[in-house]
Amino acid sequence: MGNALTKLDESENAFKGRSASIGSGSTRPTNVSERRRRMHMGISNNARSRTNSTGSQLMYKKKSTRERDSMKESFAKQLVVRYNESVDGGYLAPHGCYTFEKLDYDPSLVRSLITARKLAPFYIPLQDFDESWTREELIKIVDGLPLHAAVNENPEEFEDTPIGNLKVQNIDELVDKSLSKKEQRKQRSKIFKARLHRKRILWQEQENEAFLEQKLEAKKEPNPSKRNLALPSADLNHTIYKKGIECPICFLYYPEPLNYSRCCLQPICTECFVQIKRGDPHFPHEEVDPTKPVTNDDEKDPNLLISEPASCAYCATPNFGVTYQPPENRKTGIGGTPPGSYKAAHDEEKASVSNRSGSEEGPKTPSKSPEDPEVVTSDMIRPDWKAKLDKERLRLARRSANATAIHVSNQLVSPDHPSRRDSTTDSGSIPNARSSRLVTNPMVELENQMVEQAIRLSLVDEEERKNSQVHR
Ligand SMILES: [Zn+2]
Ligand SMILES: [Zn+2]
């Protein structure tokens, strides 16, 4: 196990040092960005307690498969683009330039950042834009845009996966019981994913149809005040699309203003922004010392696992974040006037025609630190990154504890087991956790407690797993 516990604190501090170089003592309850997020976003108590539970309690209380499934479903529902949930001409969920599977941010956080106008909304992009289009042509093109991009209905990975009746919640019937327990779990998870994929398509289709229907009705209604005011007015569509900008990552054309990278002030659409995230937890890349044997990842101390913050897609500065300055010429949808009643100011129409090159200016603010209250970082929209790292550390610690348990029991069975003679305790007693309490070194004591705790947790886990199988 190595010096597991001592290294935990060291690596924690080393990590915190990246974002807060002074006073990063281990007594702080949460990391910097987490505290900042709570301070500046005015998150509800509900969201706060959820963040706490994913942050620390999760380590000790594992969620049941059903709980996790329903959480995934409710996340997916928040990723449906709804025409009546708009902000300044954009929406609260992505248009679909990237596949469903790639959307793993916290949707409730991103939705609240958009409605708070701290992040650009998800606009429907244009494939291209021609400055010679007339007002009427542009309005017609925008009016014909779908709420969401087409989705691959039968991705290869789900080709042979049965999805059964989507209205039936219990999917255990679909699992092949002749498979091993491990294979059954794998199959169940694949069935769940395939069904969720199908459900998302249906949820979005329903919304697309409602949007289309409402647009057709609005065309038939001669009295503008009787039309559905959740639909954007022609003025609103013209105002936002006549002066747009290309996102340098997805090369699609979006209404202005977009988000700008905090470091090098490059534009980035929200859909691309939510794709940028930390890499998976890994061991630090060591310099190879040819005189020493190479340590396997399996043998390394789990507390040395690290997770590095995302870097800027343009200039590679660590701790990627963006700023956003909401438009001054429109405040529609949530927190503003109904999109259907938006009327462009007469002088604005004229000004914008003569000032098209204005879109090249970019933000008027200088670079900002990741701690700046105006900055939204990649970590803020995935607050569970720390819990994921802890979970991975714990997983490795448990695996290592299991190996230790097997090792100890081997020694108990065979008194001549070679490792018994290697025992570091002079007393010659069995080096299990209990007897080594006699050792006065506090570090050894702590380490033993940790091994005991890890063994206990893996037993509890095993017990839970058995129970959940019985109850199915
Ligand atoms: Zn983009
Ligand atoms: Zn940058």
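Model, not experiment: these values are computed from the prediction. (Residues numbered from 1 in each chain as written. Chains lettered and ligands numbered in written order. Predicted model: local features only at pLDDT ≥ 70, side-chain atom pairs only at ≥ 80, totals over all residues.)

Enquirer: Just give me the short version of the overall build of the chain, but keep the residues and values in it.
Expert: Along the chain, the regular secondary structure elements total 13 helices and 8 strands. Here the chain holds 472 residues, and the buried ones make up 24% of them. Sequence-distant contacts in the chain: of pairs separated by 6 or more residues, those separated by 24 or more amount to 73%. (Helix = DSSP H or I, 4+ residues; strand = E, 2+ residues; numbered from the N terminus. Buried ≥ 20, exposed ≤ 12 C-beta atoms within 10 Å, placed from the backbone. Contact = placed C-beta atoms within 7 Å.)

Enquirer: A description of the sheet that holds strand β7 (residues 321-323) should follow, citing residues and the corresponding values.
Expert: As summarised here, the arrangement of the 4 strands in space is β6-β5-β7-β8, forming an open sheet in which the pairing is antiparallel. Either end of the sheet is taken by a strand with one partner, and the two such strands are β6 (267-268) and β8 (376-377). As paired strands, strand β5 (residues 259-261) and β7 are joined by 2 bridges and run antiparallel to one another. Following the sheet pairing, Ser261 is matched in β7 by Val322. (Pairing = 2+ DSSP bridges.)

Enquirer: Lay out the confidence of the model for the chain in plain terms, naming residues and giving numbers.
Expert: With 71% of its residues at a pLDDT of at least 70, the chain reaches an overall mean of 78. Within the model, the stretch residues 1-60 combines pLDDT values under 50 with 64 contacts to residues more than four positions away or in other chains. (pLDDT = per-residue confidence, 0-100.)

Enquirer: Got a sec to walk through the environment of Thr317? Specific residues and values, please.
Expert: Its location among the elements puts Thr317 in the loop between α9 (270-273) and β7. Overall, Thr317 belongs to the partly exposed group, with 15 C-beta atoms counted inside 10 Å. Taking the C-alpha atoms as reference points, Thr317 and Cys263, 54 residues apart in sequence, are found 7.0 Å from one another. Apart from residues no more than four positions distant in its own chain, Thr317 is found in contact with Cys263, Ser311 and Cys312.

Enquirer: Describe the packing of helix α6 (residues 135-143) against helix α8 (residues 234-241), listing the residues and the values that go with them.
Expert: Close contact between α6 and α8 brings their axes to 9 Å; oriented N to C, the two are set at 100 degrees. With respect to α8, the axis of α6 lies roughly perpendicular. Side by side, α6 and α8 meet where Arg135, Leu138, Ile139, Val142 and Asp143 of the first sit next to Ala234, Asn237, His238 and Tyr241 of the second. (Axes fitted to C-alpha atoms, helices over the stretch in contact; angles between N-to-C directions. Parallel < 35°, antiparallel > 145°, perpendicular 65-115°, else oblique.)

Enquirer: Residues and numbers for unusual backbone geometry, please.
Expert: In this structure, Pro257 follows Glu256 across a cis peptide bond, with omega equal to -10 degrees. Positionally, Pro257 belongs in the loop between β4 (253-255) and β5. Backbone geometry at Asp88 places phi at a positive 55 degrees, although glycine is not the residue there. Checked against the element boundaries, Asp88 lands in the loop between β1 (86-87) and β2 (90-91). Residues other than glycine seldom take positive phi values, yet Arg117 does so here, at roughly 60 degrees. Assignment of secondary structure puts Arg117 in the loop between α5 (107-115) and α6.

Enquirer: Please give an account of helix α7 (residues 181-220) that cites residues and values.
Expert: Here α7 contains 40 residues, and its C-alpha end-to-end distance of 59 Å stays within 8% of the 58 Å for a straight helix at 1.5 Å per residue. Of all the positions in α7, only Ile191, Ala194, Arg195, His197, Gln204 and Phe211 are classed as buried. (Expected span 1.5 Å × (residues − 1).)

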